[in-house]
Structures are given as C-alpha cells and as structure tokens.
Amino acid sequence: MKQYDYILVGSGLYNGVFAWYAAKAGKTCLVLEKRNHLGGNIYCETIEDIHVHKYGAHIFHTSDRKVWDFVHQFAEFNRYTNSPVANYHGEMYNMPFNMNTFSKMWGISTPAEAKAKIEEQRAGIAGEPKNLEEQAIRLVGRDIYEKLVKGYTEKQWGRDCKDLPAFIIKRLPVRYTYDNNYFNDLYQGIPVGGYNIIIDKLFAGCDIKTDTDYLKHREKYDSMGSKIVYTGMIDAFYQYSFGKLEYRSLKFENEVLDEENHQGVAVVNYTAREVPYTRIIEHKHFEFGTQPKTVITREYPTDWQEGMEPYYPVNDEKNQTLYQKYAELAKKEKKVLFGGRLGEYKYYDMDKVIASAMQAAEREFAI
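Residues numbered from 1 in each chain as written. Predicted model: local features only at pLDDT ≥ 70, side-chain atom pairs only at ≥ 80, totals over all residues. Heavy atoms only, no water.

## Digging into the packing of aromatic side chains
Scanning the model with the defined rule gives 33 aromatic pairs in all. A centroid spacing of 5.5 Å and a plane angle of 70 degrees characterise the contact between Tyr247 and Trp304, whose relative ring orientation is edge-to-face. Separated by 57 residues along the polypeptide, Tyr247 in strand β11 (residues 247-257) and Trp304 in the loop between β14 (294-303) and β15 (312-313) bring together distant segments of the chain. A single burial state applies to Tyr247 and to Trp304, both of which are buried. (Phe/Tyr/Trp six-rings, centres within 6.5 Å; stacked < 30°, edge-to-face > 60°. Helix = DSSP H or I, 4+ residues; strand = E, 2+ residues; numbered from the N terminus. Buried < 20%, exposed > 50% of the residue type's maximum accessible area, 1.4 Å probe, protein only.)

This is the structure:
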C-alpha cells in the first residue's frame, strides 16, 4: 500500500509549486531534502536581523503575468530594482552596459558617440566569431570586453575566453539610454521578509524529511509513493551510466561588518581576473535595510566535484549531447517526473522554474 501520491525529491521552487498544486488536487506528498532546510537555493537565513540569500543573490523578475500573480499570493514584493555595478581595479561602472557605462569609459555623452566607439572597436573581428572573446568584442567592443567581460567570465567558467564557445554569450545587454535597471522584465522585486515565507506556504501540508538522500535509499522511498518528482542531478539518478555531466559550483564567504552601509548597492561585480571572487553581495540593500550592522558575501566560482553543490550546468555542445542521452531515458519513465535546473540540465531563472512546474502540474492534475 503506497503511503503517498508523490515523493518530491528536492525542496526548491519547482517542487514547491508542484506540491502546492498537488495539495489543491487533494494529493499527498512526502518531501525529501538533502540539506537541513527547505527552499533549495532561494533559502534565506537571518543574520543580524538581515535576510541573507544563503546561496547567492536571488532577484525575482518576470514578464509572465501568470507567474507574477502566482507568487504574489504568498508574499508582498517590494520595489527593489537590480542595478549592479562593476569594479575594475577601483574604477566603478554601471551595469548593464548603458550610457552611464559608456560615458565613464570614454568621456562621451551621446548615443551616437557610443555607437561610433563600439563600431570602431568591433571592426577588428571579421567573419563568424570563433570563441567567446571574439563574440564579446563583436557585441561591445574591445575596451568593455577587456575591463568588464573578460576577467569576470574567465573566473565564472574557470577557463580562458578564447577557449570558451561563442554561443555562451549570444547577446550582451547594450543600451543607448541612461538606464541602470538590469532586467527588461515588467515585474521585479524581492519578497518582503525573504523567500522562506513563500517556500513555507508552498510546502504547507506536506510531510517533510530533511538531511535525507533519496538516491541512497531509493528502493525504500520508491515503495512509499505512486510517483516521484525528481529535481536532483539527472545523471546521478541514472548512476552516471553515460558519464558525468559538467556543472559549475560556488563557494560563499560571509562576513558581518560593524558598519551600516559597506558598498552602497546590493551587488558589486569584480571584473579583474586577479580578484579571486566574482562579486560581493550586501544583502540588506535587497530590502532597503537600516540595521546598524551589515552582512556581505563574497562569491567564488569553482569546478564542481562530487560532494559539492552543483549550481549551474555547463551547457556546451559536449554536455548537451550527453544530456540528450539521459533525457531519452527520462522520457521512458512512467512513474518519474524530472524538473528544475538539475533535473532538466538547464540554466533556469526563478520565473521559468515556476512556469515549468505550473505546466507539469497542469498536465498531471488536468487543471
């Protein structure tokens, strides 16, 4: 006799959305989570009365009204607008690349001057770009590439830009307006009180087991549920039978500072190759905090190895070809649904994860 309709492996946004729809449909769920808390990578911990994004900055943005309405029923969102800055050897530049960036870089003031400068610098790249370096110069010119793209990208991927495929940056946002809003989406903000409020409501009514590795006790948990919704690594599910997919991981270094305002903005990218971290996050700015102390997090990208958290897939051609082999196996599963960034080996933003889970739930429960 099955105890549950669904065993949900992982407790990130994908399974949270699925669990909420399952509960509405009168279904029972058991949630299995390897970490000691719910929420996957959007989990926040409170330090010095500040909601710290434990696994890196998570800024909600979407143009999908259905997704925006969905999350809004669980929390109020503030009006936070993502306007990061880049630090190159102490020179500060606005992101994304816009007229403020160009004015600082070249001492110019009009869109026509900025276009002419980029056009002049990209002229050296002829034909189809052969690697990421050529692609970036083609898009934004050599100066911006050298100062704001090259070092950051090489740290992020752990290899030289000349050794990275061009398709990784098919586009770089370039704006000929004085607009520092990073995202073009209609809706943007941070949930007031942090993301845990949303996660707790999504999983309300589920039975939950944290510090639990489904893959180590697969037979036991498979016997307890009619279906599995798996959001872990798809290659691990199949015991790496075709080989291991590549992922990038991150290391985070938190520091509490006895000052009210450390960097004046939530996110500063450090674009010089010599600086070992890619960015510093000052979490209080996500919620316009006025606490007497502040918490900063330095973010270090690293190659993923077993035992580490896989944060994002390396979606180059070699890995996509390997993933397709696993995806073919997944299609044949009758009692397992795969979802999320790791289950689908896809670099998902939060709104896309939610939309994907909503679609899966609508199929499953004939909504």
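Next comes the rest of the account.
## Concerning empty space enclosed by the protein
A water-sized probe, rolled over the atoms, reveals where empty space remains. Within this structure, the stated rule accounts for one cavity of 30 Å³ or more. Volume-wise, the largest cavity comes out at about 40 Å³. Along its surface, the largest cavity is lined by Leu13, Ile42, Phe60, Val71, Phe77, Tyr195, Ile198, Met350 and Ile354. For the lining of the largest cavity, the per-class residue count stands at nine nonpolar, no polar and no charged. (1 Å grid on protein atoms, 1.4 Å probe; cavity = no way out; pocket = protein on both sides within 12 Å on 5 of 7 lines; lining within 4 Å. Points joined across faces, edges and corners; volume = space filled by probe spheres on them. Nonpolar A, V, L, I, M, F, W, Y, C, P; charged D, E, K, R; others polar.)

## Looking at helix α6 (residues 142-157)
The principal kink in α6, of about 45 degrees, is found at Val149. Taken as a whole, α6 has its buried residues at Ile144, Tyr145, Leu148, Val149, Gly151, Tyr152, Thr153, Glu154, Lys155 and Trp157. Once α6 finishes, Gly158 follows within two positions and takes phi at roughly 70 degrees, a positive value. (Bend = angle between axes of the 7 residues up to and from the residue.)

## Observations regarding the side chain of Ser11
Secondary-structure assignment places Ser11 in the loop between β1 (4-9) and α1 (13-24). Apart from residues lying up to four places away in sequence, Ser11 is in contact with Val31, Glu33, His37, Leu38, Gly39, Gly40, Ile199 and Phe203. (Contact = heavy atoms within 4.5 Å.)

## Re the sheet that holds strand β9 (residues 207-209)
Overall, parallel pairing links the five strands, which are arranged β9-β2-β1-β10-β16 in an open sheet. The open sheet has two free edges, formed respectively by β9 and β16 (336-338), since each of these has just one partner strand. Between one strand axis and the next, the sheet turns by 20 degrees as a mean value, whatever way the strands run. Bridging between strand β10 (residues 225-230) and β16 involves three bridges; their strand directions are parallel. Looking across to β16, one finds that Val229 is bridged to Leu337. Across the face of the sheet, α1 comes into contact with β1, β2 (29-32), β10 and β16 while running at roughly 165 degrees to β1. (Pairing = 2+ DSSP bridges. Axes fitted to C-alpha atoms, helices over the stretch in contact; angles between N-to-C directions.)

## Some words on the pattern of salt bridges
Oppositely charged side chains can form a pair if their charged atoms are brought close together. Overall, the coordinates contain 21 salt bridges when judged by the stated rule. Two residues, Lys130 and Glu134, come together in a salt bridge whose shortest N-O distance is 3.4 Å. Overall, the relative accessible area of 65% leaves Lys130 in the exposed class. By relative accessible area, Glu134 is classed as buried at 15%. Measuring nitrogen to oxygen at the nearest pair gives 3.1 Å for the salt bridge that ties Glu299 to Arg279. Note that Glu299 is positioned in strand β14 and Arg279 in strand β13 (residues 279-282), a separation of 20 residues in sequence. (Salt bridge = Lys/Arg side-chain N within 4 Å of Asp/Glu carboxyl O.)

## Looking at the state of the cysteines
Per the counting criterion, the structure on display carries zero disulfides. We note that Cys29 lacks a disulfide partner, and the nearest cysteine sulfur, in Cys206, lies 4.7 Å from it. (Disulfide = S-S within 2.5 Å.)

## Brief notes about α1
The end-to-end C-alpha distance of α1 is 17 Å, a good match for the 16 Å that twelve residues give at a rise of 1.5 Å each. Most of α1 sits out of view: ten of its twelve residues are buried. Turning to α1, its buried residues are Leu13, Tyr14, Asn15, Gly16, Val17, Phe18, Ala19, Trp20, Tyr21 and Ala22. One or two residues past the end of α1 sits Gly26, with phi positive at roughly 80 degrees. (Expected span 1.5 Å × (residues − 1).)

## Re the pairing of strand β12 (residues 267-270)
Every second residue of β12 is oriented toward a common face, with Val267 and Asn269 on one face and Val268 and Tyr270 on the other, all of them buried. Both strand β6 (residues 85-88) and β12 contribute to a ladder of three bridges, which runs parallel. The residue bridging Asn87 from the neighbouring strand is Tyr270, located in β12. Bridge analysis of β12 against β13 gives three bridges, and the strand direction is antiparallel. Bridge pairing links Val267 to Ile281 in β13.

## Observations concerning the sheet that holds β6
Taken in spatial order, the seven strands line up as β7-β6-β12-β13-β14-β11-β15 in an open sheet, and their pairing is mixed. Both outer strands of the open sheet, β7 (91-94) and β15, are each paired with one neighbouring strand and no more. Pairing geometry for β11 and β14, over ten bridges, is antiparallel. Bridge assignment links Glu253 to a residue of β14, and that residue is Arg298. Packing of α6 onto the sheet brings it into contact with β6, β7, β11, β12, β13, β14 and β15, and relative to β6 it is tilted by some 90 degrees.

## Regarding the nonpolar core
Counting 60 residues, the largest nonpolar core has Phe97, Phe102 and Tyr230 as the members making the most contacts within it. In contact with Phe97, not counting residues within four places along its chain, are Phe102, Val140, Ile144, Leu148, Val149, Leu172, Pro173, Val174 and Arg175. Core analysis: the next-biggest nonpolar cluster, separate from the first, contains 50 residues, Tyr14, Val17, Phe70 and Leu202 among them. (Core = buried A, V, L, I, M, F, W, Y, C linked by side-chain atoms within 4.5 Å.)

## Structural notes on the packing of helix α4 (residues 111-122) against helix α5 (residues 132-140)
One way to put it is that α4 packs onto α5 with a least axis distance of 7 Å and a crossing angle of 150 degrees. For the element pair α4 / α5, the angle class is roughly antiparallel. Judged by residue contacts, Ile118, Gln121 and Arg122 of α4 engage Ile137, Arg138, Leu139 and Val140 from α5. Each residue belonging to the contact of α4 with α5 can be placed in one class, and the counts come to four nonpolar, one polar and two charged. (Parallel < 35°, antiparallel > 145°, perpendicular 65-115°, else oblique.)

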